[in-house]
Amino acid sequence: MAALVCQDCTPTERIYLTYEGNFITSKAGCKVLLSQTIEQDGETSATLVDLAFDVSPFHPQGGVQPSDVGKITVERTGLELTVKKATFSFEMNVVTHHCSVATAVAAAPLDIQVGDTCTLDVDAETRALYSKYHTAGHLVDSAMFRLGYEFPPEKGYHFPDAPCVEYKGMVEADKRQELVGKLKEEFEVLVNEEIPTTICMRTKEECEVELNRTQKNFDFDMFKDPEVRIVGVANFKCPCGGTHVRSTKELSEFTVTGIKCKKGITKIKYDLKSK
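Residues numbered from 1 in each chain as written. Predicted model: local features only at pLDDT ≥ 70, side-chain atom pairs only at ≥ 80, totals over all residues. Heavy atoms only, no water.

## Concerning the sheet that holds strand S12 (residues 227-233)
Taken in spatial order, the three strands make up an open sheet running S11-S12-S13, and their pairing is antiparallel. The strands lining the two open edges of the sheet, one partner per strand, are strand S11 (198-203) and strand S13 (236-239). Sheet twist, expressed as the average angle between the axes of neighbouring strands with direction ignored, equals 30 degrees. (Pairing = 2+ DSSP bridges. Helix = DSSP H or I, 4+ residues; strand = E, 2+ residues; numbered from the N terminus. Axes fitted to C-alpha atoms, helices over the stretch in contact; angles between N-to-C directions.)

## Examining helix H1 (residues 124-146)
The terminal C-alpha atoms of H1, which comprises 23 residues, lie 32 Å apart, in line with the 33 Å expected from a rise of 1.5 Å per residue. Among the 23 residues that make up H1, 17 are buried, leaving the element largely enclosed by the rest of the structure. Backbone nitrogen of Glu 125 and a side-chain oxygen of the N-cap are separated by 3.3 Å at the start of H1; the cap is Asp 123. Just downstream of H1 lies Gly 148, where phi reads positive at about 95 degrees. (Expected span 1.5 Å × (residues − 1). Buried < 20%, exposed > 50% of the residue type's maximum accessible area, 1.4 Å probe, protein only. Polar contact = N/O pair within 3.5 Å; in protein donor to acceptor, adjacent residues only side chain to side chain.)

## Focus on the side chain of Ser 89
Assignment of secondary structure puts Ser 89 in strand S6 (residues 80-89). Within polar-contact distance, the side chain of Ser 89 engages the backbone nitrogen of Met 92 at 3.2 Å.

## Some words on unusual backbone geometry
Phi at Asn 93 takes a positive value of approximately 55 degrees, unusual for a residue other than glycine. Tracing the backbone through its elements, the reader meets Asn 93 in the loop between S6 and strand S7 (94-102). Residue Asn 93 is classed as partly exposed on the basis of its relative accessible area, which comes to 31%. A positive phi angle is found at Ala 234, which is not glycine, with a value near 55 degrees. Inspection of the secondary structure assignment puts Ala 234 in the loop between S12 and S13.

## What about the sheet that holds strand S10 (residues 164-168)?
With respect to topology, four strands assemble into an open sheet ordered S9-S10-S15-S14, the strand pairing being antiparallel. One side of each edge strand has no neighbouring strand; the edge strands of this open sheet are strand S9 (153-157) and strand S14 (254-262). The mean inter-strand angle of the sheet, taken between neighbouring strand axes irrespective of direction, is 20 degrees. With eight bridges connecting them, S14 and strand S15 (residues 265-272) associate as antiparallel partners. The residue bridging Thr 255 from the neighbouring strand is Asp 271, located in S15. In the packing of helix H2 (residues 176-192) onto the sheet, the strands contacted are S14 and S15, and the crossing angle to S14 comes to about 150 degrees. (Contact = heavy atoms within 4.5 Å.)

## Points about a positive patch on the surface
A surface patch of like charges, here positive, comprises Lys 260, Lys 262, Lys 263 and Lys 269. Secondary-structure assignment places Lys 260 in strand S14. In this structure Lys 260 comes out as partly exposed when scored by relative accessible area, which is 45%. (Patch = residues over 30% accessible without salt bridge, like charges linked within 9 Å, V, L, I, M, F, W, Y side chains within 5 Å. Areas by Shrake-Rupley, 256 points an atom, 1.4 Å probe, with all protein chains shown as cover. Salt bridge = Lys/Arg side-chain N within 4 Å of Asp/Glu carboxyl O. Lys, Arg positive; Asp, Glu negative; His and termini not counted. Charge placed at Lys NZ, Arg CZ, Asp CG, Glu CD.)

## Some words on the pairing of strand S5 (residues 70-74)
Burial within S5 is extensive, with four of its five residues counted as buried. Where S5 folds back onto S6 in an antiparallel hairpin, the turn is made up of five residues, including Gly 78, whose phi is positive at roughly 85 degrees. In this sheet, strand S8 (residues 117-122) lies alongside S5 in antiparallel orientation, the contact comprising five bridges. The partner of Val 74 across the bridge, within S8, is Cys 118.

## Observations regarding the pairing of S7
Counting buried residues in S7 gives eight out of nine residues, a clear majority hidden from the surface. Relative to S7, strand S3 (residues 46-53) runs antiparallel, the two being bridged by seven bridges. Each bridged residue has a counterpart across the sheet, and for Ala 46 the counterpart in S7 is Ala 102. Here S6 folds back onto S7 in antiparallel fashion, the turn holding four residues, of which Asn 93 has a positive phi close to 55 degrees.

## Looking at the pattern of salt bridges
Taken as a whole and assessed by the stated rule, the structure comprises 12 salt bridges. With a shortest N-O distance of 2.9 Å, Asp 111 and Arg 76 are connected by a salt bridge. Of this pair, Asp 111 sits in the loop between S7 and S8 while Arg 76 sits in the loop between S5 and S6, placing them 35 residues apart in sequence. Members of the salt-bridge network, linked through shared partners, are Arg 76, Asp 111 and Asp 116.

See the structure below:
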């Protein structure tokens, strides 16, 4: 699914980027910037539609976190569309909502006009789950750092199917299972400390001073905007565009599950305790 080609669109205000916006899952009065009917899905008998708005609570899929899902209601007509996925164009700063609507209830042609206002509703239960998975990955970062493993974070994968965090550096073979045990304990300690999550914007210069103790000479110039969104989980701060829970106390369902080291990379796995 590609983002809409919307050369004249103003940037989408992404509500979730602020701290309080991170917990907003519904927004009325969102103005349609572009509406594009893609095709009719022969398997589901649904019409596929891409929509862009001036403002949206939907978190688009990134490299480390799945997209929000939910519904959109056109306020003028009452037409409801199911949001299957949201994506983001960095070139245009526009969020595209990839939707479907049952052909039986859709007008022909589909009556969604530029300038229409819509109510956007994120599925709150799914958002909460994805936020927990993402925040739990950051909690692994904090636990690693507190245990003295100051490996530079390489990448994370916070999807429910195989969540993990990777670091540059290798743990000695005879210490790996011991580390897993210690991480489980430290993870539990951090959960019980009920440490609030922080979300703020910092200039690149502030990031260089405040974060490079843990980010190990991270190149903040890679960000196009003058300010960078910084998320702090259990007092471990890093650049991040995802959604998160309010406090470590909400992560009691999670734990560290394993470790794998290969080619200079240490991968720490985590997941729900019940899996």
